[in-house]
Structures are given as structure tokens and as C-alpha cells.
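Chains, contacts and geometry: an overview
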Amino acid sequence: MISDNLLLSNEVINELNEVIKNFENNSSNKIFSSKDWSQMITWTGKKVLFIGEEGTGKTECVYTISSELQKETYFVNNSLFNINKLIKNINNNHNDKIIVFDEIENILIKHNKVQKRKVKKFKKILNSLNKNIILIVTTNVPKTFDNEFMSMFDYTINFDNYSIDFLLEAADLIVRNENEIMCNKKLLDKVLTLFFPFPTPIQLKKLLLNAISLSDKNKPHDYLFMFSIITSFILS
């Protein structure tokens, strides 16, 4: 099961665990529809889309799902030049693996425009894969794609589904895990709130750990000063 160690909101963790359960059981389960969270649907497909900003944990979750299902991952390169050869290669040589198109925009978007010809090729891939193949596609720019593209997938998980309260709790946990640092949650919350919605959860962890490593351990709150400097520099 997906744990909260990945810095994901409870909503995303629950969705991921439902998807894994479907993959493990290879049967239909009742889960929330990604298009209307108020309704329940029966989902049997194995084509999943991860959407969210860079640094929200999409690719990291691919590896976690791979570990949970004890399956290898096969990352498709950024070329759809010989599509028939690609389909044959996946179906014949990687049938029991998780097929991943990471950051699909690098394949389907050129000069900030979706290439319809490439989307058509990509749709052919989806329709030609063996039914038992698990496919995961990630994108940092979901708004660039239209509803027709989104409808190609059986399920969509939004990794941007986190709040300021979630980030504050995550930050508190990260800092408390560093034994040399004294955590003043009230002060930590105040500093982080200044920069919200930046950073994303993964960025937050990296920034805090970098700030802690660069801080003066003799000054209890120096890491917050370093965090502010690093974050301000990135945003400038």
C-alpha cells in the first residue's frame, strides 16, 4: 500500500491504493470517478494518467507502484517515429511490465502546441496494447490537452490535490526527522505561508533539507533563514 512517506495528500494516497488494488485483483472495483468525485463507477481499465506540477511526486509514485506490484517499469523514449515497431516491442517484450510515458508533453507538444498527428499515433498505441498491460502516463501541463485526450485513460489522479495545511504538516514532519534541528511549528508555518503555493511537496522536502544542511546548527532557527534565502532566489 502507498504510505504517507511520499508526501502525498490523503486523497491522492487513497486513489493510488484503489488503483493498485484493481491492478492486483485484475477485476472491477467500485471507485470514485476521476471526472465526478460525487459518483461511483466500475473501473476495469489499466490506463492511468497522473497529472500535476513538477515536483508533486508523480514519477516517484510510478516506482512505488512498480515495487508494490513487483513489476519492472519500461519507460518509453520520446519518439513515436516507428509506431508499429513500438507497439510490437511493448506487446512482445514488455508484456508483464508497467509501461510508462513520463512527461508525455515532451512527445506530443512542440512549440507550445499539441501535435494532433502525434496524438493520433499515441491513441493508436493505447488501443493496440495487450489488455493485461499496465500503462501510466504523466504530465505537468494537463490544461494543454483537451477532453478527447483525457478520455483516452480509464483513470486520472491529480497530484496537485494538496492544501497549505498539508504542506505545513509535511514540513513539520520533515524538520522533526532531523535530530539536530529544533522545530518551532508556529514559526515554520509562518515562513512557509509566505511562499504558498510554492513549493510543491517534493520541492519542499528538498528545500528544507538543503536549508538544514547549510544552516548553523548552533542557531536553532537558522535553517528557516536559509530556506527563505534559497526559496526567494528560486522565485526571483
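The following paragraphs examine the structure supplied in this document. Fair warning: this is a prediction, and the values are worked out from it, not measured in the lab.

1. A closer look at the packing of helix H8 (residues 185–195) against helix H10 (residues 222–235)
The packing of two helices is summarised by the inter-axis angle and the distance between the axes. Following both chains from N to C, one finds H8 and H10 inclined at 5°, their axes separated by 11 Å at the closest point. Classified by the angle between their axes, H8 and H10 sit roughly parallel to one another. Counted together, Leu187, Leu188, Val191, Leu192 and Phe195 of H8 and Tyr223, Leu224, Phe227, Ser228, Thr231, Ser232 and Leu235 of H10 form the full contact between these two elements. Residues that form the contact of H8 with H10 fall into these classes: 9 nonpolar, 3 polar and no charged.

2. Comments concerning the sheet that holds strand S8 (residues 134–139)
Spatial strand order, S4-S5-S8-S3-S9: 5 strands in an open sheet with parallel pairing. Single-partner strands in this sheet number two, and they are strand S4 (73–75) and strand S9 (155–158). For this sheet the average axis-to-axis angle between neighbouring strands, irrespective of direction, equals 20°. Two strands pair when backbone bridges link them, and strand S3 (residues 47–51) and S8 are joined in this way by 5 bridges, in the parallel orientation. Among the inter-strand pairings, lysine 47 is bridged to a residue of S8, identified as leucine 135. Its contacts with the sheet place helix H1 (residues 10–25) against S3, S8 and S9, and it is angled at close to 150° to S9.

3. Comments concerning the nonpolar core
One finds Phe101, Ile104, Leu108, Phe122 and Phe149 to be the most contacted residues of the largest nonpolar core, which totals 27 residues. Of all hydrophobic cores here, the second largest spans 25 residues; its members include Ala170, Leu188, Leu224 and Phe227.

4. A look at the packing of H1 against helix H2 (residues 58–69)
Close contact between H1 and H2 brings their axes to 11 Å; oriented N to C, the two are set at 40°. By the criterion of interaxial angle, the relationship of H1 to H2 is oblique. Regarding H1 and H2, the two cross each other, and that crossing is right-handed. For the pair formed by H1 and H2, the contact residues are Leu16, Ile20, Phe23 and Glu24 on the first element and Cys61, Ile65, Glu68 and Leu69 on the second.

5. Some points on the pairing of S8
The buried fraction of S8 amounts to 6 of the 6 residues, a majority that puts the element mostly inside the structure. Burial along S8 is two-sided: Ile134, Ile136 and Thr138 and Leu135, Val137 and Thr139, pointing in opposite directions, are all buried. Both strand S5 (residues 98–101) and S8 contribute to a ladder of 4 bridges, which runs parallel. Looking at S8, one finds that valine 100 is bridged to isoleucine 136.

Cut-off values and rules
- Residues numbered from 1 in each chain as written.
- Predicted model: local features only at pLDDT ≥ 70, side-chain atom pairs only at ≥ 80, totals over all residues.
- Heavy atoms only, no water.
- Axes fitted to C-alpha atoms, helices over the stretch in contact; angles between N-to-C directions.
- Helix = DSSP H or I, 4+ residues; strand = E, 2+ residues; numbered from the N terminus.
- Parallel < 35°, antiparallel > 145°, perpendicular 65-115°, else oblique.
- Contact = heavy atoms within 4.5 Å.
- Nonpolar A, V, L, I, M, F, W, Y, C, P; charged D, E, K, R; others polar.
- Pairing = 2+ DSSP bridges.
- Core = buried A, V, L, I, M, F, W, Y, C linked by side-chain atoms within 4.5 Å.
- Buried < 20%, exposed > 50% of the residue type's maximum accessible area, 1.4 Å probe, protein only.
- Left-handed = near helix turned anticlockwise from the far one by under 90°.

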